[in-house]
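Report on the structure
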Amino acid sequence: MSLFLVKPGMRRPRYLAFSSLLFALGGCTSTGVGNPAPALTLSLSLVDDDAVDTTGAAGAAGAAGAAGAAGEMHAAGTPDGAAGAEYGAAGVSDNAGAEHGAAGASDDAAGGSADTVGEAGSAGTALRAPAEALPVGSIQDAVIVLGSLQFLPCDKAHGSVFTATGPFIVDLKRRATSPEIPDIDETPGGYCGIDAPLAAATAPAALAGRSVFFDGHRADGTFFIVYANMVATLRMRAKDGAKWQGMEPPPRFFWALHPRRWLLTAELNDADTTPYGNRLRAVVIDADRHAALFFALRSRIAGISKMYADANGNGVFDDPDRTAEVGVGLDDAD
């Protein structure tokens, strides 16, 4: 079973094994006379947390409209078991690769100047209201590329930074991260933060040179797309009083992202369209076109995310884990 240290007052699961309890109390750390203590590690998964529908009746109607108008949408995708292997071999869907070659912003436009970031950042802050999440079924692809994940110690004097080097392609819709994030070595005092810079993918070809691929259909069926080398650092921090500790066997933590809240229904409905690929019109979002939306999304990827511990120890992000919230994302992506 897994052990995690969480905010004081949070109820611990009752299923902790006796051996786990010994670790919790600072007891025996040896597997026997003459045997070294097991290495303490923890595991991390990035997951799509869109189980709660906050769109209401209007949102449900919008989802139905989008589904009806989306003859261009991808098929449902491969079974979860095969998603990772197929994604690694094939990359993003054929439609995505064919259309996006000419769609992304230039590197300069994608990164944006310091002045542009400042202006759009203010606009982005005003757009961060949590209402009007995109309808269920409206998102086609939600992919981010992380150059690395840097785990920050709570005790800076004695702990050390652990870096998992990527790039890691996180495909939220297909529930796959390629390659998988390795187990993280424990450090004295545990970890209290993660910095994860976005990075341009080098492969597969459909993603090459891009760090974010996010597309779908708004309520009227109009296609929208963000396909750019977005420059940002995603930041996750432990809640007050919490820390992420290793254990044997490794406890798993879930960094839960909310792609249905990266852009809001009203924002997309108000956005102007432009000719795009083989479509008559589309909402193309980058640092030049719809810059406010671009930088709002940039802050929201981590800014509305949360970290949970695997409360029931089953290795899958599910409802019981929502009782074990141990971290919150920061909207500072600089």
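Residues numbered from 1 in each chain as written. Predicted model: local features only at pLDDT ≥ 70, side-chain atom pairs only at ≥ 80, totals over all residues. Heavy atoms only, no water.

1. Brief notes about the pattern of salt bridges
The final tally for this structure, using the stated rule, is twelve salt bridges. Salt-bridge contacts for Asp-286 lead to Arg-289; the nearest nitrogen and oxygen are separated by 2.7 Å. Residue Asp-286 is classed as buried on the basis of its relative accessible area of 3%. (Salt bridge = Lys/Arg side-chain N within 4 Å of Asp/Glu carboxyl O. Buried < 20%, exposed > 50% of the residue type's maximum accessible area, 1.4 Å probe, protein only.)

2. What to know about the state of the cysteines
One pass over the structure, following the stated rule, counts one disulfide. Two residues, Cys-154 and Cys-192, share a disulfide whose sulfurs are 1.9 Å apart. Taking the sign of the torsion about the S-S bond as the criterion, the disulfide between Cys-154 and Cys-192, at about 95 degrees, is right-handed. Residue Cys-154 is located in the loop between strand E2 (139-153) and strand E3 (162-171), and its partner Cys-192 is located in strand E6 (residues 191-197); the two are separated by 38 residues in the primary sequence. (Disulfide = S-S within 2.5 Å. Helix = DSSP H or I, 4+ residues; strand = E, 2+ residues; numbered from the N terminus.)

3. Comments concerning the environment of Lys-243
Tracing the backbone shows Lys-243 in the loop between strand E9 (233-238) and strand E10 (252-257). Sequence separation between Lys-243 and Pro-153 is 90 residues, and the spatial gap between their C-alpha atoms is 9.0 Å.

4. Quick word on the pairing of E10
When a strand is regular, its side chains alternate between the sheet's two faces. Of all six residues in E10, five are buried, a share of seventy percent or more. Bridge analysis of strand E1 (residues 41-48) against E10 gives six bridges, and the strand direction is parallel. Among the inter-strand pairings, Val-47 is bridged to a residue of E10, identified as Ala-256. (Pairing = 2+ DSSP bridges.)

5. Side note on the side chain of Asp-49
Position of Asp-49 among the secondary structure elements: in the loop between E1 and helix H2 (56-69). Within polar-contact distance, the side chain of Asp-49 engages the side chain of Arg-322 at 2.8 Å. In this structure, Asp-49 is in contact with Ala-256, Leu-257, His-258, Tyr-308, Phe-317 and Arg-322, ignoring residues within four places of it in sequence. (Polar contact = N/O pair within 3.5 Å; in protein donor to acceptor, adjacent residues only side chain to side chain. Contact = heavy atoms within 4.5 Å.)

6. Some details on unusual backbone geometry
In this model, Gly-166 is joined to Pro-167 through a cis peptide bond whose omega is 10 degrees. If you trace the backbone, Pro-167 turns up in strand E3. Following Ala-203, the chain continues to Pro-204 via a peptide bond in cis, the omega torsion being -5 degrees. Topologically, Pro-204 is positioned in the loop between E6 and strand E7 (212-217). The phi dihedral of Arg-175 falls on the positive side, at around 55 degrees, and the residue is not glycine. Counting through the fold element by element, Arg-175 comes out in the loop between E3 and strand E4 (176-178). Accessibility expressed as a relative area gives 67% for Arg-175, which makes it exposed. With a phi close to 60 degrees, His-290 is a non-glycine residue in the positive phi region. The residue His-290 is located in the loop between strand E12 (279-284) and helix H8 (291-303) in this model. Owing to a relative accessible area of 23%, His-290 belongs among the partly exposed residues under this scheme.

7. Some thoughts on the nonpolar core
With 56 residues, the main nonpolar core has Leu-44, Leu-149, Phe-214 and Trp-255 as its most contacted residues. Counting twelve residues, the second-largest nonpolar core is a separate cluster that includes Val-145, Ile-169, Tyr-227 and Tyr-276. (Core = buried A, V, L, I, M, F, W, Y, C linked by side-chain atoms within 4.5 Å.)

8. Considerations on the environment of Ala-296
Residue placement: Ala-296 occurs in helix H8. Distance from Ala-296 to Leu-263, taken between C-alpha atoms, is 7.7 Å for residues 33 residues apart in sequence.

9. Points about the environment of Gly-315
Structurally, Gly-315 is set in the loop between strand E13 (306-309) and strand E14 (325-330). Residues Gly-315 and Pro-251 lie 64 residues apart in sequence; the distance between their C-alpha atoms is 8.7 Å. For Gly-315, the residues in contact, after removing those within four places along its chain, are Arg-252, Phe-254 and Asp-310.

10. Describing H8
Given a rise of 1.5 Å per residue, 13 residues ought to cover 18 Å, and the 18 Å separating the end C-alpha atoms of H8 matches this to within 8%. When you tally the buried positions in H8, you get twelve out of 13 residues, the bulk of the element. Buried within H8 are the following residues: Ala-291, Leu-293, Phe-294, Phe-295, Ala-296, Leu-297, Arg-298, Ser-299, Arg-300, Ile-301, Ala-302 and Gly-303. (Expected span 1.5 Å × (residues − 1).)

11. Examining the confidence of the model for the chain
Counting all residues, the mean pLDDT for the chain is 73, and 64% of those residues have values of 70 or more. Taking the mean pLDDT of every element in the chain, the minimum, 23, falls on helix H1 (residues 18-24) and the maximum, 98, on E9. Long-range and interchain partners of residues 1-33, a stretch whose pLDDT sits below 50, account for 56 contacts in this model, where long-range means more than four residues apart. The low-confidence segment residues 53-130 (pLDDT under 50) makes 118 contacts with residues lying over four places distant or belonging to another chain. (pLDDT = per-residue confidence, 0-100.)

12. Details of the pairing of E3
Sheet analysis places E2 next to E3, joined by eight bridges and oriented antiparallel. Looking across to E3, one finds that Ser-148 is bridged to Thr-165. Taken together, the three bridges between E3 and E4 define a ladder with antiparallel strand orientation. Opposite Ile-169, over in E4, you have Ser-178 as the bridge partner. Where E3 folds back onto E4 in an antiparallel hairpin, the turn is made up of four residues, including Arg-175, whose phi is positive at roughly 55 degrees.

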